[in-house]
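Understanding the architecture of this molecule
The lines below spell out each chain.
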Protein chains: 2
Amino acid sequence: MDGTPNIARIGTLLGDNTRARMLTTLMHGKALTASELAREAGVTAQTATSHLAKLQSGGLLTLRKQGRHKYFALANEEVATLLETLMGLSNDDRSLETLTGPRDAAMRHARVCYNHLAGNKGIQLHDSLLASKALVLSNGNLTLTDSGQSFMQEFGIDLQALKASRSPLCRECLDWSERRSHLAGSLGRALLAQFERLKWVKRDPGSRVITFSTKGERAFNQTFVTAE
Amino acid sequence: MDGTPNIARIGTLLGDNTRARMLTTLMHGKALTASELAREAGVTAQTATSHLAKLQSGGLLTLRKQGRHKYFALANEEVATLLETLMGLSNDDRSLETLTGPRDAAMRHARVCYNHLAGNKGIQLHDSLLASKALVLSNGNLTLTDSGQSFMQEFGIDLQALKASRSPLCRECLDWSERRSHLAGSLGRALLAQFERLKWVKRDPGSRVITFSTKGERAFNQTFVTAE
DNA sequence: GGAATGCTTCGACTACGATCGAAGTATGGA
DNA sequence: TCCATACTTCGATCGTAGTCGAAGCATTCC
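I will try to describe carefully the structure that is included in this document. A quick note: this is a predicted structure, and the numbers were derived from the prediction, not measured. Each chain has its residues counted from 1, running along the sequence as written. To read the labels, note that chains go from A and ligands from 1, taken in the order they are written. The predicted nature of this model means local features are confined to residues of pLDDT at least 70 and side-chain atom pairs, given and counted, to a pLDDT of 80 or more, with totals for whole chains, interfaces and linings taken over all residues. Only hydrogens and water are set aside when side-chain values are computed; all heavy atoms of the structure are taken into account.

Brief notes about the pattern of salt bridges
Residues and elements named next belong to chain A. By convention in these notes, a salt bridge is any Lys or Arg side-chain nitrogen within 4 Å of a carboxyl oxygen on Asp or Glu. One pass over the full model with this rule turns up 18 salt bridges over all chains. Linking Glu 84 and Arg 111 is a salt bridge whose minimum nitrogen-to-oxygen distance equals 3.0 Å. Placement of the pair is Glu 84 in helix α5 (residues 77-88) and Arg 111 in strand β4 (residues 111-113), with a sequence separation of 27 residues. You'll find Glu 84 and Arg 111 in the same group, each marked buried. A salt bridge links Lys 121 to Glu 217, with the shortest nitrogen-to-oxygen separation between them at 3.2 Å. With Lys 121 in helix α8 (residues 119-131) and Glu 217 in helix α12 (residues 214-223), this pair connects stretches of sequence that are 96 residues apart. Linked through salt bridges whose partners overlap, the residues forming this network are Glu 84, Arg 111, Asp 175 and Arg 208. Numbering of helices and strands starts at the N terminus; helices are DSSP runs of H or I of at least 4 residues and strands are runs of E of at least 2. Each residue is placed in one exposure class: buried if its accessible area under a 1.4 Å probe, protein chains only, is under 20% of its type's maximum, exposed if it is over 50%, and partly exposed if it falls in between.

Focus: the nonpolar core
What is meant by a nonpolar core is a set of buried Ala, Val, Leu, Ile, Met, Phe, Trp, Tyr and Cys residues, joined one to another through side-chain atoms within 4.5 Å. With 72 residues, the main nonpolar core has A:Leu14, A:Leu74, B:Leu14 and B:Leu74 as its most contacted residues. Here a residue-residue contact requires only that any non-hydrogen atoms of the pair lie within 4.5 Å. Those residues in contact with B:Leu14 that lie beyond four places of it in its chain are A:Ile7, A:Ala8, A:Gly11, B:Ala20, B:Leu23, B:Leu60, B:Leu82, B:Leu83 and B:Leu86. Counting 62 residues, the second-largest nonpolar core is a separate cluster that includes A:Ala110, A:Phe220, B:Leu130 and B:Leu137.

Things to note about the relation of the copies chain A and chain B
Superposition of the copies was done by least squares, using only C-alpha atoms of residues whose pLDDT is at least 70 in both. Expressed as a screw transformation, the operator carrying chain A onto chain B has a rotation angle of 180 degrees and an axial translation of 0.1 Å, and the superposed copies differ by an RMSD of 0.1 Å. Taken together, these values place the two copies in the relation of a two-fold axis. Among all residues of chain A, the one whose C-alpha sits closest to the rotation axis is A:Gly11, at a distance of 2.1 Å. The overlap is high: 100% of the interface residues of chain A also sit at the interface in chain B, so the same surface is used on both sides.

What to know about the protein's contact with DNA strand D
Each residue is tested against the molecule or strand, and it is near if at least one of its non-hydrogen atoms lies within 4 Å. Taken together, 20 residues lie near DNA strand D, and A:Gln46, A:His51, A:Lys54, B:Ser35 and B:Lys70 sit nearest. Between a phosphate oxygen of DNA strand D and a side-chain N or O atom of A:Thr47, the distance comes to 2.9 Å. The set of elements that each furnish at least two residues to the surface near DNA strand D consists of α2 (17-25) and α4 (45-57) of chain A together with α3 (34-41), α4 (45-57) and β3 (69-74) of chain B. The element that contributes the greatest number of residues to the surface near DNA strand D is α4(A), accounting for 4 residues. Each residue gets one label: Ala, Val, Leu, Ile, Met, Phe, Trp, Tyr, Cys and Pro are nonpolar, Asp, Glu, Lys and Arg are charged, and the others, such as Gly, are polar. Considered class by class, the residues forming the surface near DNA strand D number 3 nonpolar, 11 polar and 6 charged. Nitrogen and oxygen atoms within 3.5 Å of one another constitute a polar contact, given that in protein one can donate a hydrogen and the other can accept it, and given that sequence-neighbouring residues count only through two side-chain atoms.

Things to note about the protein's contact with DNA strand C
Neighbouring DNA strand C are 20 residues; A:Ser35, A:Lys70, B:Gln46, B:His51 and B:Lys54 lie closest to it. Sugar plus phosphate: this is where 74% of the atoms of DNA strand C within 4 Å of the protein reside. The side chain of A:Thr49 places a nitrogen or oxygen atom 2.6 Å from a phosphate oxygen of DNA strand C. Interatomic distance of 2.5 Å between a side-chain N/O atom of A:Lys70 and a phosphate oxygen of DNA strand C. If you tally residues by element for the surface near DNA strand C, the top one is α4(B), at 4 residues.

Here it is, written out as structure tokens:
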């Protein structure tokens, strides 16, 4: 009853480099086939089969079959949140000093985390919505205010569709690089999709990096203002 | 650079029943000796030595020596938060149905999580402070307002001492049983200590259960009011 | 239907890690 | 100083889990 079995169970699932690699590969929020994941993790198909079965039965991945293809994705946002948390744990000053290269700066600036915006820009989005009172913490939950709903509709977000889905509208997700929350949930995902439609950002197919265009970054900064 | 090694590293640490048991035993926030942890986990001293060394070098536990005694505690609140998150993951409807007995209800009602109040009562505390504007979410951080500071001083919390420490004042900690945030940080810990001083609650030395006295629960409910 | 491709199953191998008996070191108290 | 206790080290054992070659099943396409 004390949660020990669950901790050990999930810890075991995570505590293998091949499986961890598969999970982080799926952090962008899309689904990949078993073969793609095998290649990404650098193992044979049979090894991948074994690992993926464990992750699926363990509740960390979902499976969708299309003919001979099996598409795996992270089971839910909670799994993504857990992975971001683990990435950040003990990611203290020493580890940060070992991070080099522009790619890591790009990841810090803006990256995709289960289809929503993370990194500095994700934090900015979250903070701006709170500062402008579009979002408030009500009864311990992030809630979209009336003015926030108006804002989102003007911005092109179909709130009716979002509310119709079972998925929570607003959730907080602890950001790995920034150690603060960014906006997750169906709203967070819808916003990132809208940024893409507006051509403000592009997603890198081979990584989680999100690249802002010059115009996009300016527009984003004008739309989502923070105190600093 | 993608966090995979950290995930696997920590997953490996957590993915052993003995170590998981040790970690959950330390969730109350106190320090225990190596021998106590060995007994709690049901292993010999030599096995415990090996595990504890791993947990310490892995950054999950801290060590303080007192003569021949070695006291281990969770390294920080982030570790406690991670453990609560893992306890809750996949703790879905099916698992809830298997939970039986008064003890589990007691854990849900009020329990200690790294020295702060968790469970229903922890949620109530958090929500009440937000509803009364004693706490607000400012720049993505939980912040104590001026009126909140006044309230705390009247309630008997030494805010000067709390601010003098390096520890964050307010932090959110995702609650295992309730799937919402309760108040962590040095303020959360100070509040629980005050509840004890006021004899509102008692801690069970052998578990994480916190028991409210009749008077204590009434006083708590009157002091920390929520919308429902 | 046959070939190609995606994925699975089987079985063997090997590395690894938890465990504890035995022995040792360090500390505290009488 | 001696004894008791807390903890550590060493080495051996054994169970487990990741891995892949070989073979097989399922799907798709020409």
